[in-house]
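Summary of the model geometry
Now for the letters of each chain:
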Amino acid sequence: MALLPILHYPDPRLRTVAKDVLVIDDDIKTLIKDMFETMYNAQGIGLAATQVDRHIRVVVMDLAGQDEDPQPKVYINPKVTPLTDEVAPYKEGCLSIPEVYDEVSRPTRVRIEALDEHGDEFSVEADGLLAVCIQHELDHLNGVVFVDYLSRLKQDRARDKVRKVTAKNT
Ligand code: K1U
Ligand code: ZN
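Remember, it's a predicted structure, so these values are computed and weren't measured experimentally.

Analysis parameters
- Residues numbered from 1 in each chain as written.
- Chains lettered and ligands numbered in written order.
- Predicted model: local features only at pLDDT ≥ 70, side-chain atom pairs only at ≥ 80, totals over all residues.
- Heavy atoms only, no water.
- Donors = N, O, S within 2.8 Å, 3.2 Å for Na, K, Ca; no water.
- Helix = DSSP H or I, 4+ residues; strand = E, 2+ residues; numbered from the N terminus.
- Buried < 20%, exposed > 50% of the residue type's maximum accessible area, 1.4 Å probe, protein only.
- Near = heavy atom within 4 Å.
- Polar contact = N/O pair within 3.5 Å; in protein donor to acceptor, adjacent residues only side chain to side chain.
- Areas by Shrake-Rupley, 256 points an atom, 1.4 Å probe, with all protein chains shown as cover.
- Nonpolar A, V, L, I, M, F, W, Y, C, P; charged D, E, K, R; others polar.
- Patch = residues over 30% accessible without salt bridge, like charges linked within 9 Å, V, L, I, M, F, W, Y side chains within 5 Å.
- Salt bridge = Lys/Arg side-chain N within 4 Å of Asp/Glu carboxyl O.
- Lys, Arg positive; Asp, Glu negative; His and termini not counted.
- Charge placed at Lys NZ, Arg CZ, Asp CG, Glu CD.
- Pairing = 2+ DSSP bridges.
- Axes fitted to C-alpha atoms, helices over the stretch in contact; angles between N-to-C directions.

Once that is clear, we can look at the coordination of the zinc ion (ligand 2). With distances of 2.0 to 2.3 Å, the protein atoms coordinating the zinc ion (ligand 2) are Cys-94 (SG), His-136 (NE2) and His-140 (NE2). Site description for the zinc ion (ligand 2): donor spacing in sequence, C-x41-H-x3-H. On the criterion of helical spacing, the pair formed by His-136 and His-140 is a turn pair, its members being four residues apart in helix 2 (residues 128-141). The same class applies to His-136 as to His-140, namely buried.

In structure tokens form, the structure reads like this:
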């Protein structure tokens, strides 16, 4: 297994729209293992392949410790459909935008349809943190980051913060 470098905002590669996975081969299986290792090492609860500069539609997630279903989850080619008009704010974080947290409003209940790591289709209804996190990860696959929903001032501050944090860590 390997730790993968995480792209940091405002890296333009975070704007790439990821392509569907056509075959779950050994390369994808290795990527999934490496993404889990990278996510756990960074103390995240989710990671999209976009964030490790792989532009295919793969997401890993583990909400253990967050009072949610504690199974590690893989979502390949995920589709997310809102099941309600109700939206609620949640203070989001992002491994690509370290030490920046802010509220984003999203639909509170969604249906997730995806393939698992074996290529089997599944469909689940989600609310709470799972609904927030899958929408955040789907945004990554579409080249969107959570600060895009914030004011220009907050985006500028986020850019400065990431520059400082990444300079400190190098
Ligand atoms: O995609 C990512 O960058 C991972 C991100 C997922 C996420 C967390 C919270 C709301 C929306 C999406 C993170 O894991 S950031 C890490 C973090 O700040 C956090 C960790 C545990 C619980 C809550 C936040
Ligand atoms: Zn993120």
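It is worth spelling out the site of ligand 1 at this point. Not every one of the 16 residues close to ligand 1 is listed here, only the nearest: Ile-45, Gly-46, Gln-51, Leu-95 and Glu-137. In this structure, an oxygen atom belonging to ligand 1 sits 2.9 Å away from a side-chain N or O atom of Gln-51. Here an oxygen atom of ligand 1 and a backbone polar atom of Leu-95 are 2.7 Å apart. Starting from 520 Å² of accessible surface for ligand 1 in isolation, the protein chains cover 87%. Taken together, the elements giving at least two residues each to the shell around ligand 1 come down to strand 4 (87-92) and helix 2. Looking at which element gives the most residues to the shell around ligand 1, the answer is helix 2, with five residues. Looking at the shell around ligand 1 residue by residue, the classes come out as seven nonpolar, seven polar and two charged.

Now for a negative patch on the surface. Where like charges cluster on the molecular surface, the negative patch consists of Glu-113, Glu-117, Asp-120 and Glu-121. You can see Glu-117 is positioned in the loop between strand 6 (110-115) and strand 7 (121-126). With a relative accessible area of 32%, Glu-117 lands in the partly exposed category.

Spatial strand order, 1-2-3-6-7: five strands in an open sheet with antiparallel pairing. Two strands close off the open sheet at either side, each with one partner strand: strand 1 (46-48) and strand 7. Going across the sheet, the axis of each strand differs from the next one's by a mean of 35°, ignoring polarity. By the bridge criterion, six bridges tie strand 6 to strand 7 in an arrangement that is antiparallel.

This brings us to the pattern of salt bridges. Counted under the stated rule, the structure contains 13 salt bridges. Put simply, Arg-109, Arg-111, Glu-125 and Asp-127 are held in one network by salt bridges that share partners.

Where the residue is not glycine, phi is negative for most of them; where a peptide bond is considered, it is trans in most cases. Tyr-9 connects to Pro-10 through a cis peptide bond whose omega is 5°. Among the secondary structure elements, Pro-10 is positioned in the segment before helix 1 (26-41). Unlike most non-glycine residues, Asp-53 shows phi in positive territory, near 65°. In this fold, Asp-53 is placed in the loop between strand 1 and strand 2 (58-61). Overall, the relative accessible area of 31% leaves Asp-53 in the partly exposed class. Here Glu-99, not a glycine, exhibits a phi torsion of approximately 65°, which is positive. Mapped onto the secondary structure, Glu-99 falls in the loop between strand 4 and strand 5 (102-107).

Interpretation note: all reported values are geometric properties and have no functional meaning in isolation.
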